[in-house]
Amino acid sequence: MNIHEYQAKQLLAQRGVPVPPGGVAASADEAWAVADRLFGEGHSKVAVKSQIHAGGRGKGTFKSGFQGGVQLAQSAAEVQQLAGAMLGQVLVTKQTGPEGRTVSQVLIEAADTILKEFYLAITLDRGSARPVVLASTEGGMDIEEVAAHTPAKICRKSVDPTLGLMPYQARGLDGALGLTRDVLNAAARLIPRVYRTWWECDASLVEINPLALLEGPDGTPTLCALDAKINLDDNGLTRHPELQALRDLGEEAPLEIEAGKRQLSYIQLDGNIACLVNGAGLAMATMDIIQHYGGRPANFLDVGGGASTEQVAAAFQIILQDPNVRAILVNIFGGIMDCDIIAHGIVAAVKETGLSLPLVVRLEGNNVRAGQQTLAASGVTIISGDSMADAAQKAVTAARA
């Protein structure tokens with residue numbers, strides 16, 4: 001689950017990580033009030049930051065023509081004007097796609113002088129099955145670009161989850177960042193607190209980019225999480241009702257929300273061949289093989305290993321709400337899943353929805369013969385796939401026709 005920048009900073013601040021003073025606003029007047037307080041505290045500049053679940057906001061363009069979803073202002077009146085130009089408008093960035101996202105909130109925070117920028121993140125290294133801390137002196141840059149061109153500038157510390165981040169590891173990260181003596185102690189406190197945020201929130205990613213060395217209003221250098229991104233592991237949310245409350249449904253695709261209510265894993269894509277598959281690995285392979293034969297998948301849809309007839313029917317209903325779909329490929333390998341249950345769900349869904357699109361079905365595994373007999377006796381028009389490759393080719397051909 002993704003959350004907004006201001007929410008990520010709230011979680012970090014709750015665990016003692018310094019973040020810029022400020023507040024979130026849903027109207028231009030609220031933005032003015034927050035800015036007026038910050039200027040009154042001695043800050044010379046204030047940032048106005050659009051809050052959407054996408055990166056590249058600063059270089060984004062609003063459909064109204066206004067440029068930049070992150071702006072600096074030198075007065076409360078200017079903040080009010082900028083917030084008014086952003087709120088309620090659609091911001092298009094490199095991550096939103098051409099449809100963009102509507103800005104319903106802006107983060108107003110102090111923008112003190114930046115002396116130096118760093119990168120800091122905690123994520124899961126799936127290769128070692130351990131948390132890993134990433135730190136770099138190249139703050140503010142795309143970490144993938146840094147990894148590709150100057151990998152030596154990224155320091156990695158693998159963490160034993162039974163012990164947590166050890167003090168000597170935090171000191172090693174401090175050294176890799178080349179911090180001066182006057183902020184070493186602050187960094188030694190900050191990095192373990194970022195790790196604690198990752199651990200306690202069941203996060204898949206906590207990224208601070210940049211982690212900035214700032215010159216405060218009194219001239220004192222301080223470390224601060226200038227920008228923050230936190231992705232929460234959906235599988236851990238049942239333990240965190242307070243984190244579930246941070247979910248912004250307005251930032252999620254309606255079909256994905258509906259699928260979640262039916263306990264289906266669904267992600268809408270931009271192709272025209274819908275996929276209904278059991279198992280995430282098989283779903284990924286199905287999308288790959290569609291692409292291999294010249295087609296484009298319209299979605300990722302995993303009905304899971306124990307889907308019911310009702311869930312299969314619900315999956316079809318969700319698929320058919322995508323107007324771009326020109327064919328449907330059902331690719332099932334029955335392990336835990338009973339192929340006959342899938343077959344009954346397919347028949348029920350086709351009859352209930354009056355499906356007119358080409359439907360390609362490939363069943364294999366547990367009780368497959370019964371499933372095939374159910375489909376054959378249903379009277380439903382189905383294109384059978386003898387193998388995964390055969391089914392994919394037939395789906396691509398059907399979608400083109």
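Keep in mind it's a predicted model, so treat the numbers as computed, not measured. (Residues numbered from 1 in each chain as written. Predicted model: local features only at pLDDT ≥ 70, side-chain atom pairs only at ≥ 80, totals over all residues. Heavy atoms only, no water.)

Chemist: Got a minute to help me understand the sheet that holds strand S5 (residues 90-92) in this structure?
Modeler: Hydrogen bonds between backbone atoms are what pair the strands of a sheet, whose relative direction is either parallel or antiparallel. Read from one edge to the other, the open sheet built from 3 strands follows the order S3-S5-S6, with strand pairing classed as antiparallel. The open sheet has two edge strands, strand S3 (61-62) and strand S6 (101-102), and neither has a second partner. When S3 meets S5, the two strands line up antiparallel, connected through 2 bridges. Considered in S5, the bridge of threonine 61 is made with valine 92. (Pairing = 2+ DSSP bridges. Helix = DSSP H or I, 4+ residues; strand = E, 2+ residues; numbered from the N terminus.)

Chemist: What exactly am I supposed to notice about the packing of aromatic side chains here?
Modeler: The geometry of an aromatic ring pair is captured by two quantities: the separation of the ring centres and the angle between the planes. Counted according to the given criterion, the structure contains 4 aromatic pairs. For the pair tryptophan 198 and tryptophan 199, a centre-to-centre distance of 6.4 Å together with 40° between the ring planes defines the contact as tilted. Put simply, the rings of Tyr195, Trp198 and Trp199 pair up and form one aromatic cluster. (Phe/Tyr/Trp six-rings, centres within 6.5 Å; stacked < 30°, edge-to-face > 60°.)

Chemist: Would you mind showing me how to read the nonpolar core here?
Modeler: Nonpolar side chains in soluble globular proteins tend to be buried together. Among the nonpolar cores identified, the biggest contains 39 residues, and Ile230 and Leu232 are the most heavily contacted of them. Those elements that provide at least two residues to this core are helix H1 (5-14), strand S8 (113-125), strand S9 (130-136), helix H5 (167-176), helix H6 (181-200), strand S11 (203-215), strand S12 (221-225) and strand S13 (228-232). The dominant element in this core, judged by the number of residues it contributes, is H6, at 7 residues. When neighbours within four sequence positions are excluded, leucine 232 is seen to be in contact with Met1, Ile3, Cys201, Asp202, Ala203, Ser204, Leu237 and Leu243. Residues Ala298, Met337, Cys339 and Leu375 belong to the second largest nonpolar core, which totals 35 residues. (Core = buried A, V, L, I, M, F, W, Y, C linked by side-chain atoms within 4.5 Å. Buried < 20%, exposed > 50% of the residue type's maximum accessible area, 1.4 Å probe, protein only. Contact = heavy atoms within 4.5 Å.)

Chemist: How do you make sense of the layout of surface pockets when you look at a structure like this?
Modeler: The probe, sized like a water molecule, is rolled over the atoms to show the empty space still left. Size it by volume and the second largest pocket reaches roughly 300 Å³. Thr123, Leu124, Arg126, Trp198, Trp199, Asp202, Ala203, Ser204, Asp233, Asn235, Gly236 and Arg239 together form the lining of the second largest pocket. Among the elements of the structure, S8, H6 and S11 are those that each provide at least two residues to the lining of the second largest pocket. A per-class count over the lining of the second largest pocket returns 4 nonpolar, 4 polar and 4 charged. (1 Å grid on protein atoms, 1.4 Å probe; cavity = no way out; pocket = protein on both sides within 12 Å on 5 of 7 lines; lining within 4 Å. Points joined across faces, edges and corners; volume = space filled by probe spheres on them. Nonpolar A, V, L, I, M, F, W, Y, C, P; charged D, E, K, R; others polar.)

Chemist: What should I look at first to understand the pattern of salt bridges in this one?
Modeler: One pass over the full model with this rule turns up 15 salt bridges. We note a salt bridge from lysine 49 to glutamate 5, for which the minimum N-O separation is 2.7 Å. Residue lysine 49 is located in strand S2 (residues 46-50), and its partner glutamate 5 is located in helix H1; the two are separated by 44 residues in the primary sequence. Taking relative accessible area as the criterion, glutamate 5 reaches 5% and is therefore assigned buried. (Salt bridge = Lys/Arg side-chain N within 4 Å of Asp/Glu carboxyl O.)

Chemist: I keep staring at the environment of glycine 236 and nothing clicks. Help me out?
Modeler: Position of glycine 236 relative to the elements: it lies in the loop between S13 and helix H7 (241-244). Taking the C-alpha atoms as reference points, glycine 236 and aspartate 202, separated by 34 residues in sequence, lie 5.8 Å from one another.

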